[in-house]
Amino acid sequence: MEQKTTPTITELEREIDALRRRVAELEIPARRYRALLDGGIVSMMIYDGESRVLEVNRRWEQLWSLSLRDVAGWRLLKDEQVSANGSMPLVERAFWRGEATALPTIRYDPVQADTLQKGMARWVASSLHPINDAAGNVREVLQIHVDVGELKQSEDELRAQTAQLEAAIVERTQRLEEQLRVSEEQQRAIAVLSTPVLRLWDGILALPLIGQIDAERAARILDVLLQAIVDTQAEHVIIDVTGVPFMDAEGARHLRDTVRASSLLGAQCAIAGISPVMARLLIDCDLGFDGVTIVASLQDGLRRLLSSRNGDRTIGAAGPAGAQRRDPARRDGPRER
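A short tour of the structure in this document, coming up. Fair warning: this is a prediction, and the values are worked out from it, not measured in the lab.

1. Comments concerning the sheet that holds strand 10 (residues 293–295)
Line of reasoning, step 1. The strand order across the open sheet formed by 5 strands is 6-7-8-9-10, and the pairing between neighbours is mixed. The two strands at the open ends of the sheet, each matched to only one other strand, are strand 6 (198–201) and strand 10. For this sheet the average axis-to-axis angle between neighbouring strands, irrespective of direction, equals 30 degrees.
Line of reasoning, step 2. Where strand 9 (residues 268–272) meets strand 10, 3 bridges bridge the pair, whose relative direction is parallel. Within strand 10, the residue paired with Ala-270 across the bridge is Thr-293.
Line of reasoning, step 3. Along the sheet, helix 6 (residues 215–232) contacts strand 7 (204–210) and strand 8 (236–243); its crossing angle with strand 7, the most-contacted strand, is approximately 165 degrees.

Here it is as structure tokens:
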């Protein structure tokens, strides 16, 4: 038989020193945990393996306005709010499989829990941290809560402000669209006023032009005049350019096209009020108006047209605009060209 030897005092002292060092090493994480638990900043609660509450810290009590006694009959694995939120599979993973997991943010109201019916509702984000024994079995689960109520409130306020801003943008857009519509209507009205076709006499129209003539306005002048010729069956048109301060070659071409288009509808055009500068431009650009009557003024053009008809009898029979219209098939004397 082997004889057991009694440890010497020296060996015992070595073992005691080793144990002391081991205890000191274990005290460090214990103090860390205690500092976290008692720090008053992070809400913490500890469950047993069946999700019954074993311990809570002071911050948890402040957060939920509850005590450890209040949750004596409550179990996380049986909580209906957690199930309704869709987080129960994550909770089960922590308790049954020993996996740490983060739970989605939830507004939890202890009052709605059948076993609590008291406390303060909070927006919280939380995580579960299983504590396993040497065999790997879950002995406890630590849950940490982070109060995100202020952040959630800020998000809600930001969402409300965004909704108000979007509503303001929609309202402003509607006002701008309405202003644009009114502006377009005004532009159309101005366009009509800037291209007035006047009925001076039966079969005689006048088109007084004022301002610069560009391509867009020239096209509008042509459309308005041709429609007026068709509507009134006019035979003569006096285009008065007295109010046009300057006309370039392009504008002169548009004016010539207007005269030609009017003749295709049976209306002869006379041009009144050509300035010396405009006359020089027409010559320089070889844009003469052959066969078109040129008169000094609108009044002169009307006088010449009326005198070319069959005397005072015809004038008296026709009368001013709106009076009895003569037979369009008749031609009262030669037209001046």
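2. Considerations on helix 8 (residues 276–284)
Line of reasoning, step 1. Residues of helix 8 that are buried include every one of Met-278, Leu-281 and Leu-282, and no others. Looking straight down helix 8, one finds that the buried residues subtend no more than 100 degrees of arc, so they occupy a single side. Set apart from the buried face of helix 8 by more than 90 degrees, the exposed residues are Pro-276, Ile-283 and Asp-284.
Line of reasoning, step 2. On its buried face, helix 8 sits against strand 8 and helix 7 (249–264).
Line of reasoning, step 3. Where helix 8 ends, the next residue or the one after it, Asp-286, has phi of about 55 degrees, a positive value.

3. Quick word on the pattern of salt bridges
Should the charged atoms of two oppositely charged side chains come close, the side chains can pair.
Line of reasoning, step 1. Within this structure, the stated rule accounts for 11 salt bridges.
Line of reasoning, step 2. Between Arg-175 and Glu-171 there is a salt bridge, with the nearest N and O atoms lying 3.1 Å from each other. Here Glu-171 and Arg-175 lie together in helix 5 (residues 149–194), a separation of 4 residues that amounts to about one turn.
Line of reasoning, step 3. Overall, the relative accessible area of 39% leaves Arg-175 in the partly exposed class.

4. Quick notes on the pairing of strand 2 (residues 53–56)
Line of reasoning, step 1. As paired elements, strand 1 (residues 43–48) and strand 2 share 3 bridges and run antiparallel to each other. When the bridges of strand 2 are listed, Ile-46 appears paired with Glu-55.

5. Overview of the pairing of strand 5 (residues 138–147)
Line of reasoning, step 1. Note that strand 1 and strand 5 share 6 bridges and pair antiparallel. The residue of strand 5 that forms the bridge with Tyr-47 is Val-141.
Line of reasoning, step 2. Judged from the 9 bridges that link them, strand 4 (residues 122–132) and strand 5 form a sheet pairing that is antiparallel. Counted as the bridge partner of Leu-128 is Gln-143 from strand 5.
Line of reasoning, step 3. Hairpin connection between strand 4 and strand 5: a loop of 5 residues separates the two successive antiparallel strands, and Gly-136 in this loop has a positive phi of roughly 90 degrees.

6. Describing the sheet that holds strand 1
Line of reasoning, step 1. Pairing is antiparallel across the open sheet formed by 5 strands, whose spatial order is 2-1-5-4-3. Here the strands that pair on one side only, and so sit at the sheet edges, are strand 2 and strand 3 (101–108). If you compare each strand with its neighbour and ignore which way they point, the axes differ by 25 degrees on average.
Line of reasoning, step 2. Here 6 bridges tie strand 3 to strand 4, and the two strands are oriented antiparallel to one another. Note that in strand 4 the partner of Thr-101 across the bridge is Leu-128.
Line of reasoning, step 3. Packed on one face of the sheet, helix 1 (residues 9–38) meets strand 1 and strand 2 and runs near 115 degrees to strand 1.
Line of reasoning, step 4. Along the sheet, helix 4 (residues 88–97) makes contact with strand 1, strand 3, strand 4 and strand 5, crossing strand 3 at roughly 135 degrees.

7. Remarks on the packing of helix 6 against helix 7
Line of reasoning, step 1. The geometry of helix 6 relative to helix 7 is characterised by a closest axis approach of 10 Å and an angle of 15 degrees between their N-to-C directions. In terms of axis orientation, helix 6 runs roughly parallel to helix 7. Between helix 6 and helix 7 lies a crossing of right-handed hand. From helix 6, Ala-215, Ala-218, Leu-222, Leu-225, Leu-226 and Ile-229 reach across to helix 7, where they touch His-254, Asp-257, Thr-258, Ala-261 and Ser-262.

8. Notes on helix 7
Line of reasoning, step 1. With 16 residues, helix 7 ought to run about 22 Å at 1.5 Å a step, and its terminal C-alpha atoms sit 23 Å apart, in line with that.
Line of reasoning, step 2. Packed against the buried residues of helix 7 are helix 6, strand 8, strand 9 and helix 8.
Line of reasoning, step 3. Two residues or fewer past helix 7, Gly-266 is found with a positive phi of approximately 90 degrees.

9. Some remarks on unusual backbone geometry
Line of reasoning, step 1. One non-glycine residue, Gln-117, lies in the positive phi region at around 55 degrees.
Line of reasoning, step 2. Relative to the elements of secondary structure, Gln-117 occurs in the loop between strand 3 and strand 4.
Line of reasoning, step 3. You can call Gln-117 exposed: its relative accessible area is 54%.
Line of reasoning, step 4. Phi at Gln-233 is positive, roughly 55 degrees, even though this residue is not glycine.
Line of reasoning, step 5. Look at Gln-233 and you get partly exposed, because its relative accessible area is 48%.

10. A short note on the packing of aromatic side chains
Line of reasoning, step 1. All told, the structure shown has 3 aromatic pairs when counted by the stated rule.
Line of reasoning, step 2. Ring geometry for Tyr-47 and Phe-95: centres 5.7 Å apart, planes at 70 degrees, overall edge-to-face. In this pair, Tyr-47 sits in strand 1 while Phe-95 sits in helix 4, placing the two residues 48 residues apart along the sequence. Like Phe-95, Tyr-47 is buried.

Quick notes on the rules
Residues numbered from 1 in each chain as written. Predicted model: local features only at pLDDT ≥ 70, side-chain atom pairs only at ≥ 80, totals over all residues. Heavy atoms only, no water. Pairing = 2+ DSSP bridges. Helix = DSSP H or I, 4+ residues; strand = E, 2+ residues; numbered from the N terminus. Axes fitted to C-alpha atoms, helices over the stretch in contact; angles between N-to-C directions. Contact = heavy atoms within 4.5 Å. Buried < 20%, exposed > 50% of the residue type's maximum accessible area, 1.4 Å probe, protein only. Arc of directions from axis to C-beta. Salt bridge = Lys/Arg side-chain N within 4 Å of Asp/Glu carboxyl O. Parallel < 35°, antiparallel > 145°, perpendicular 65-115°, else oblique. Left-handed = near helix turned anticlockwise from the far one by under 90°. Expected span 1.5 Å × (residues − 1). Phe/Tyr/Trp six-rings, centres within 6.5 Å; stacked < 30°, edge-to-face > 60°.

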